[in-house]
Amino acid sequence: MERGVERRSTTIYLWELAWILPSIAIPVGMLVALGVTAFGAGIHLTGDQGRVDPQHVAAHPLFKEPGVVEIAPGQYEVRLTAQIWSFAPNEIRVPAGSTVHFWATSKDVIHGLLVPKHNINVMVLPGQIAHAQARFDTPGEYPIICHEYCGIAHHTMAGKIIVEERKR
Amino acid sequence: MTRSEERLAAAYVFVALVALFGGVTTGLFQALEYAGVDIYPKLDPVIRSHYHSLTYHGVLNVLVWTTFFICGLLPFLAARSFGRPLANIRLAWGTFWLMVTGLIAAAIPLAANAATVMFTFYPPLKAHWAFYLGLTLVVAGTWLVTLNLALTWRGWRAENPQGRTPLAAFMSLVTFAMWSIASVGLAAEMLFLVIPWSLGLTAGADPLLARTLFWFSGHPIVYFWLLPAYISWETLVPRQAGGRLFSDPLARTSFILFLVLSTPLGFHHQYTDPGIHQGWKLVHAFLTFAVFFPSLLTFFTVVASLESGARARGGKGWITWFGKLPWGDPSVAAQVLAMILFAGGGIGGLINASFNMNLVVHNTAYIVGHLHLTVGTAVTLTFMGITYWLVPYLAGRALWSRSLALAQVWLWFGGMVIFSPTLHELGLRGMPRRTAIGHVAYLQSDWKALLPLVGVGGVLLFISAMLYFVNLVLTATVGRGPAPAMLAFAEATSGPEYAPAFLDRWRPWIALAVALIVVAYAPTLLRLATMTSFAVPGMRVW
């Protein structure tokens, strides 16, 4: 013990302290950056959008007729159901520059909804209504992928979103 | 330390290694499938599908290999550290057999393709009840390990009313205390939701409630895997490297913070789940960044300790001392390489935990790349490094080949350097995880060039693992030379006498941990539990 006491000089104590302070500052700084970019960029996560009876999905007004609806100029709503192993609708067409709101639920097991490079990434749970939205500016064809394991043919479960040139 | 305790550690490590063998072998099949080499038809009926293989891979690696290794190693180290035997060796053996029974119960439906539900087993995918019951027995076993450690501590404390708990024992106790609190979520999911439902006693499950309880335990389980690696890095590796632990009080403080902060942050796995308010997701994001603080303390303590060893061996300079570490010792080389890749795992973890950036990476191959740096390298390569001294010690024979061990360690590192960044990049390009990529209906052109690298990395990792097993088997059977002595724990530059006494008190810290969990989880769990209709029937769709 005596030797240990000698060994611990003030320098060591300062080293400990000198590391503790930036160890607090770094995560705090990151959190601030995160808050600013998340809220400044208007990123929004799915929250509590209500429940749906998974046995009677079609009885819910949102999912009576899965499809694409233009709710305002340049604003589209996709009412989507996921089931093994398909999406309904599985092909969505919108003009470039549209904002697309996805409302989704599952009729059976847990599925996922992923549109790469467009911040559409949400879990689709039976009993829950998921929401995600993104703007599609560049014309092209983008996959809609189920990214949660949902059984033996999970890898076949996909759709597509076709962003068309805006007609002048 | 009795012979029986050494045999107990050997028994746990043996089961862990068998699991790892199955885990890496199935991993090879998946990596090959990604690269366009589909060998599943040849494996039928042992392996029925990519998803059957993948469930094996996850369950064997992250549930069995880790848990059994930790339940073997930590009581062994704690008893050494206390300088006294475990409080109840019969309880310890009973615990081992309970866990083995659970493992066998879960393994039978898993082998029969009746539990192809991944290691996350989200309802309404419905496995055979024995799978859930078996895993629950394994978790119950970990609680009995906690009990035995706590009783051992009490016996030690009665004889040492003033002293600081020896560091390795303290860290082992914290690890098991943390896990015992955190695993309550998993136990509740099993006992109240999944087991009655799989037995047909209830009509339906609630998928969101089940996921929430799962991730209550599912993030802290990562710390249950990592903290034992930190124990090795802080109490053993400094001495193996010829140096001292930099600071005992910093090590203790970081572990107490892991005890308090590991659990109330599981929603960062559920950012994209509907049915959980954004505000609570944000609270969990904050708490996830809070746990970065003890991680940074650990990082500094570990690197400063390594540096003391390298400088004692003649290392100079700001960075170049790194080359003076005992790179010829496979145990040290494995663990230092594990630390290096873990830096990438830690940074990637912060990205996953970020409220906004998670939208890019959630459920993509990026997560797979991340997990292979954390549990697949920081934990697994460290545990491999530990076995390079532990197995010879327990077997009473010298390591069969030191150079083969070094080659194995570097091969793992090299394989992972190819494998993991490739998966990260594929994830950023939108490739989903847990998917038979070789058969997808939507293969993207910008994935194609990278997929063969997944196969190359996977093959290198598999070869490394096989070299590892060959070396261990030969060590245990035909190893020549005298058995190595048990490693001694590292002394500290800033020793335990500087650790404040309140770090040795259990009740306030456990109370604080529970209080934070209640704040972070109670409102959401109560809402979900009272609103659910348990209306989702189970399905077997594989």
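Along each chain, residue indices are assigned from 1 in the same order as the chain's sequence is written. Following the order in which they are written, the chains are lettered starting with A and the ligands numbered starting with 1. Local features in a predicted model are, by the rule used here, given only for residues with pLDDT of at least 70; side-chain atom pairs are given and counted only at 80 or more, and totals for whole chains, interfaces and linings are based on all residues. Excluding hydrogens and water, the side-chain figures rest on all heavy atoms present in the structure.

1. Here we look at the overall build of chain A
Reasoning step 1: Helix and strand definitions follow DSSP, with helices as H or I runs of at least four residues and strands as E runs of at least two, each counted in order from the N terminus. Of the regular secondary structure elements, chain A holds two helices and 10 strands.
Reasoning step 2: Listed by position from the N terminus, the elements making up chain A come as α-α-β-β-β-β-β-β-β-β-β-β.
Reasoning step 3: Referenced to the eigenvectors of the C-alpha coordinate spread, the extents of chain A come out at roughly 80 × 45 × 30 Å.
Reasoning step 4: Only protein chains enter the accessibility calculation, which uses a 1.4 Å probe; a residue whose area is less than 20% of its type maximum is buried, one above 50% is exposed, and one in between is partly exposed. Put simply, chain A has 168 residues, and 51% of those count as buried.
Reasoning step 5: Throughout, a residue-residue contact means that at least one pair of heavy atoms, one from each residue, lies within 4.5 Å. Sequence-distant contacts in chain A: of pairs separated by 6 or more residues, those separated by 24 or more amount to 60%.
Reasoning step 6: Surface accessibility in these figures is a Shrake-Rupley result with a 1.4 Å probe; residues are shielded only by whichever protein chains are displayed. Approximately 7,900 Å² of chain A is accessible, and the part contributed by carbon and sulfur atoms is 58%.
Reasoning step 7: Positive and negative charge centroids in chain A, built from 14 and 15 side chains respectively, lie 4 Å apart. In this tally, Lys and Arg are treated as positive and Asp and Glu as negative; His is ignored, and so are the chain termini. By convention, the point assigned to a charge is CZ for Arg, NZ for Lys, CD for Glu and CG for Asp.

2. Some thoughts on the confidence of the model for chain B
Reasoning step 1: Note: pLDDT gives the predictor's confidence per residue, expressed from 0 to 100. Averaged over every residue, the pLDDT of chain B is 95; residues scoring 70 or more account for 100%.
Reasoning step 2: Across the whole predicted complex the pTM is 0.96, and at the interface the ipTM reaches 0.93.

3. A look at the nonpolar core
Reasoning step 1: Among buried residues, the Ala, Val, Leu, Ile, Met, Phe, Trp, Tyr and Cys ones that are joined through side-chain atoms within 4.5 Å form a nonpolar core. Of all hydrophobic cores here, the largest spans 218 residues; its most connected members are A:Leu113, B:Phe68, B:Phe131 and B:Trp233.
Reasoning step 2: Ranked by residue count, the leading element in this core is helix α3 (residues 50-82) of chain B, at 19 residues.
Reasoning step 3: Apart from the residues within four sequence positions on either side, B:Phe68 is in contact with B:Tyr12, B:Val15, B:Ala16, B:Met99, B:Val100, B:Leu103 and B:Val138.
Reasoning step 4: Counting residues in each nonpolar core, the second largest holds 15 residues, with A:Ile12, B:Phe246, B:Phe292 and B:Phe293 among its members.

4. A look at the interface of chain A and chain B
By a widely used convention, the size of an interface equals the accessible area lost when the partners come together.
Reasoning step 1: Facing the 62 residues of chain A at the interface are 76 residues of chain B.
Reasoning step 2: Of the roughly 5,900 Å² buried where chain A meets chain B, counting both sides, 69% is carbon and sulfur surface.
Reasoning step 3: For the chain A face of the interface with chain B, the top three residues by lost area are A:Leu45, A:Tyr149 and A:His155, together amounting to 14%.
Reasoning step 4: Think of a salt bridge as a Lys or Arg side-chain nitrogen and an Asp or Glu carboxyl oxygen that are within 4 Å of each other. Joining chain A to chain B, the criterion identifies four salt bridges.
Reasoning step 5: Notably, a salt bridge pairs B:Arg527 with A:Asp48, separated by 2.9 Å at the nearest N-O pair.
Reasoning step 6: What qualifies as a polar contact is a pair of N or O atoms within 3.5 Å, subject to a donor-acceptor requirement within protein and to the restriction that residues adjacent in sequence count only when both atoms come from side chains. Counting every contact that joins chain A to chain B gives 21 residue pairs in polar contact (both at pLDDT 80 or more).
Reasoning step 7: If you list the elements that add at least two residues to the side of chain A that touches chain B, you get α1 (2-7), α2 (10-40), β7 (120-124) and β9 (140-145) of chain A.
Reasoning step 8: Tallying contributions element by element places α2(A) first for the side of chain A that touches chain B, with 15 residues.
Reasoning step 9: Amino acids are sorted into nonpolar (Ala, Val, Leu, Ile, Met, Phe, Trp, Tyr, Cys and Pro), charged (Asp, Glu, Lys and Arg) and polar (every other residue, Gly among them). Here the side of chain A that touches chain B is built from residues that sort into 37 nonpolar, 16 polar and nine charged. Here the quantity called buried area is the total loss of accessible area, with a 1.4 Å probe, experienced by two parts when brought into contact, counted for both.

5. Examining the state of the cysteines
Residue and element names in this part refer to chain A.
Reasoning step 1: By convention in this document, the label disulfide applies to cysteine sulfur atom pairs within 2.5 Å. Counted according to the given criterion, the structure contains zero disulfides over all chains.
Reasoning step 2: Of all cysteine sulfurs, the one in cysteine 150 lies closest to cysteine 146, which takes part in no disulfide; the gap is 3.9 Å.
Reasoning step 3: Owing to a relative accessible area of 0%, cysteine 150 belongs among the buried residues under this scheme.

6. Quick notes on the packing of helix α6 (residues 167-182) of chain B against helix α11 (residues 248-261) of chain B
All names here are of chain B.
Reasoning step 1: For the pair α6 and α11, the least separation of the axes is 9 Å and the interaxial angle reads 10°. By the angle class used here, α6 and α11 are roughly parallel. Residues Leu167, Phe170, Met171, Val174, Thr175, Ala177, Met178 and Ile181 of α6 form the contact with α11, whose own contacting residues are Asp248, Ala251, Arg252, Phe255, Ile256, Phe258 and Leu259.
Reasoning step 2: Among the residues forming the contact of α6 with α11, the class breakdown is 12 nonpolar, one polar and two charged. Axis definition: a line fit to C-alpha positions, over the contact stretch in the case of helices; interaxial angles, taken between N-to-C directions, run 0 to 180 degrees. Angles are sorted into four bins: roughly parallel if under 35 degrees, roughly antiparallel if over 145, roughly perpendicular if 65 to 115, and oblique for all others.

7. Things to note about the packing of aromatic side chains
All names here are of chain B.
Reasoning step 1: Paired rings are identified among Phe, Tyr and Trp, the last through its six-membered ring, by centres lying within 6.5 Å, and are further divided according to the angle between planes into stacked (under 30 degrees), edge-to-face (over 60) and tilted (the rest). Under the defined criterion, the tally for this structure stands at 43 aromatic pairs over all chains.
Reasoning step 2: Seen in terms of ring centroids, phenylalanine 96 and tryptophan 97 are 5.0 Å apart; in terms of plane orientation they differ by 75°. Their pairing is edge-to-face.
Reasoning step 3: With a centroid separation of 5.6 Å and an interplanar angle of 80°, the aromatic rings of tyrosine 271 and phenylalanine 355 are classed as edge-to-face. With tyrosine 271 in the loop between α11 and α12 (278-290) and phenylalanine 355 in the loop between α14 (330-353) and α15 (358-361), this residue pair connects regions lying 84 residues apart in the sequence. Pair check on accessibility: tyrosine 271 and phenylalanine 355 agree, each one buried.
Reasoning step 4: A network of ring pairs unites the aromatic residues Phe121, Tyr122, Phe131, Tyr132, Phe214 and Trp215 as a single cluster.
Reasoning step 5: Either the NZ atom of lysine or the CZ atom of arginine qualifies as a charge over a ring when it sits within 6 Å of the ring centre and within 35 degrees of the ring normal. Here the basic side chain of arginine 211 rests over the ring of tyrosine 122, its NZ or CZ set 4.5 Å away from the ring centre.
Reasoning step 6: Above the ring of phenylalanine 170, the side-chain terminus of arginine 252 is found at 5.1 Å from the ring centroid.

8. Some words on the confidence of the model for chain A
Reasoning step 1: Per-residue confidence for chain A averages 89 on the pLDDT scale, and 93% of its residues sit at or above 70.
Reasoning step 2: In the model, residues 1-7 of chain A has pLDDT below 50 throughout and makes 10 contacts with residues more than four positions away in sequence or in other chains.

9. Some details on the pattern of salt bridges
All names here are of chain B.
Reasoning step 1: What the rule picks out here adds up to 20 salt bridges over all chains.
Reasoning step 2: With its nearest N and O atoms 3.0 Å apart, the salt bridge here joins glutamate 6 to arginine 80. On the criterion of sequence distance, the pair formed by glutamate 6 in helix α1 (residues 3-34) and arginine 80 in helix α3 is long-range, its members being 74 residues apart.
Reasoning step 3: Residue arginine 80 is classed as partly exposed on the basis of its relative accessible area of 25%.
Reasoning step 4: It is possible to trace a salt-bridge network through shared partners that takes in Arg157, Asp248, Arg252 and Asp504.

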